[in-house]
Amino acid sequence: MTGRTALVTGGGRNIGRAICLALADAGLHVAVVAGRNVGEAEQVAEEVRSRGVSAVAFGVDLGDPDDVETLVGKVTAALGPVDVLVANAARRPHQSLTEISVEDWDSVLAANLSSTFYFGRLLLPGMAERHFGRMIAIGGPDGQRGAANRAHNVAAKAGLIGLMKAVAIEFGPLGVTANVVVPGLTDTTRDPKDYPHWPFSQDQLEQRLHIPRLGRAEEVADACAFLASDKASYITGQTLHVSGGYYMP
């Protein structure tokens, strides 16, 4: 993978940071993309550079297709064409369905689902022309199990699975793979207003998981690095759960 370029959204912390570092360790240059906190993204970019590859950090409004297009132009100018997209950024507000406003619904769907389409429509032509590309969407168990108080995120995560299947079918003959990685209960920092019952106790983990511990961000990142590599060139349209058995399709 040496010399290729990856773009990771939500790269400033937690799983996104781990993905950026895992891809850097595999030899990729990395564009670390954040929403509000570009300072965090720059810190991760410094960590990436310490691994001997190039990195840039940018902020973007994921819900704005024009902003996404501008960002892709900046990344391409700085690092070259993007070979690997990891769509990790997401918003998961805790709201009852009847409390979700139209604006809330549109905002979450734009950030969690439509943004991956915005990036894809810009990056896929170049990937197809070079006959190499990787699209990896970070899903969530919500998209297959369902969940209360986050209908917008459930819909978005289910939509990502469908979107990656569509990309896999259309662009597979052109050397592009598209897959979803689904983290389970992972040891990350979370906003208490969106995760009022976090963290779970050990008893709760043992009731929910067959490997009764929180996952590590690095374990999710390793799955992404594998799917980005040539070793995964025959894997596409799949949903890989890194979840300790939290969900078994």
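Heads up: these notes are all about the structure in this document. Nothing here was measured: the structure is a model prediction, and the numbers come from that model.

1. Let's talk about the packing of aromatic side chains
On inspection of all chains with the given rule, the structure shows one aromatic pair. The side chain of Arg 4 reaches across the aromatic face of Phe 132, ending 3.6 Å from its centre. When the ring centre of Tyr 246 is taken as origin, the NZ or CZ atom of Arg 145, which lies over that ring, is 4.5 Å away.

2. Examining the nonpolar core
Core analysis: the largest hydrophobic core is formed by 36 residues, its most contacted members being Leu 7 and Phe 119. Counting residues per element, the ones that place at least two in this core are strand E2 (29-34), strand E3 (55-59), helix H3 (65-79), helix H4 (102-130), strand E5 (133-138), helix H6 (151-171) and strand E6 (176-183). Considering every element that reaches this core, the biggest residue donor is H4, with eight residues. Contacts of Leu 7, omitting those with residues within four sequence positions, involve Ala 31, Val 33, Val 75, Val 82, Val 84, Leu 85, Val 86 and Phe 119. In this structure, Cys 20, Ala 55, Val 86 and Val 181 belong to the second largest nonpolar core, which totals 35 residues.

3. Brief notes about the pairing of E5
Among the six residues of E5, six are classified as buried, and the element is accordingly described as predominantly covered. Alternating residues of E5 divide into Gly 133, Met 135 and Ala 137 and Arg 134, Ile 136 and Ile 138, and every residue in both groups is buried. Sheet topology places strand E4 (residues 84-87) next to E5; four bridges connect them, and they run parallel. By the bridge assignment for E5, Ala 87 is matched with Ala 137. With H4 bridging E4 and the parallel E5, this β-α-β connection has right-handed handedness.

4. Describing the pairing of E4
Neither face of E4 is left uncovered, since the one carrying Val 84 and Val 86 and the one carrying Leu 85 and Ala 87 both have all their residues buried. The pairing of strand E1 (residues 5-9) with E4 spans three bridges and is parallel. Paired with Ala 6 across the two strands is Val 84, which belongs to E4.

5. Some words on the environment of Leu 124
Mapped onto the elements, Leu 124 comes out in helix H4. Leu 124 gets classed as buried once you look at its relative accessible area, which sits at 6%. A sequence separation of 50 residues divides Leu 124 from Leu 174, and the C-alpha atoms of the two residues are 9.7 Å apart. Contact partners of Leu 124, with chain neighbours within four places excluded, come to Met 135, Val 167, Phe 171 and Val 176.

6. Overview of the environment of Thr 9
The residue Thr 9 is located in strand E1 in this model. For Thr 9, a relative accessible area of 3% corresponds to the buried category. Contact partners of Thr 9, with chain neighbours within four places excluded, come to Val 33, Leu 62, Val 86, Ala 87, Asn 88, Ala 89 and Phe 119. A distance of 3.0 Å separates the side chain of Thr 9 from the backbone nitrogen of Ala 89, its partner in a polar contact.

7. Some thoughts on the side chain of Thr 5
Secondary-structure assignment places Thr 5 in strand E1. On the basis of relative accessibility, which here comes to 1%, the residue Thr 5 falls in the buried class. Here Thr 5 is in contact with Leu 28, His 29, Leu 79, Gly 80, Pro 81, Val 82, Asp 83 and Val 84, once residues within four sequence places are set aside.

8. Let's talk about the packing of helix H1 (residues 14-25) against helix H8 (residues 217-228)
In contact at an axis separation of 8 Å, H1 and H8 are set at 45 degrees when each is read in the N-to-C sense. By the angle class used here, H1 and H8 are oblique. When the axes of H1 and H8 are compared, the crossing they make is right-handed. For the pair formed by H1 and H8, the contact residues are Asn 14, Ile 15, Ala 18, Ile 19, Ala 22 and Leu 23 on the first element and Ala 217, Glu 218, Val 220, Ala 221, Cys 224, Ala 225 and Ala 228 on the second. Considering only residue class, the contact of H1 with H8 consists of eleven nonpolar, one polar and one charged.

Quick notes on the rules
Residues numbered from 1 in each chain as written. Predicted model: local features only at pLDDT ≥ 70, side-chain atom pairs only at ≥ 80, totals over all residues. Heavy atoms only, no water. Phe/Tyr/Trp six-rings, centres within 6.5 Å; stacked < 30°, edge-to-face > 60°. Lys NZ or Arg CZ within 6 Å of the ring centre and 35° of its normal. Core = buried A, V, L, I, M, F, W, Y, C linked by side-chain atoms within 4.5 Å. Buried < 20%, exposed > 50% of the residue type's maximum accessible area, 1.4 Å probe, protein only. Helix = DSSP H or I, 4+ residues; strand = E, 2+ residues; numbered from the N terminus. Contact = heavy atoms within 4.5 Å. Pairing = 2+ DSSP bridges. Right-handed = clockwise from strand over helix to strand, strands pointing away. Polar contact = N/O pair within 3.5 Å; in protein donor to acceptor, adjacent residues only side chain to side chain. Axes fitted to C-alpha atoms, helices over the stretch in contact; angles between N-to-C directions. Parallel < 35°, antiparallel > 145°, perpendicular 65-115°, else oblique. Left-handed = near helix turned anticlockwise from the far one by under 90°. Nonpolar A, V, L, I, M, F, W, Y, C, P; charged D, E, K, R; others polar.

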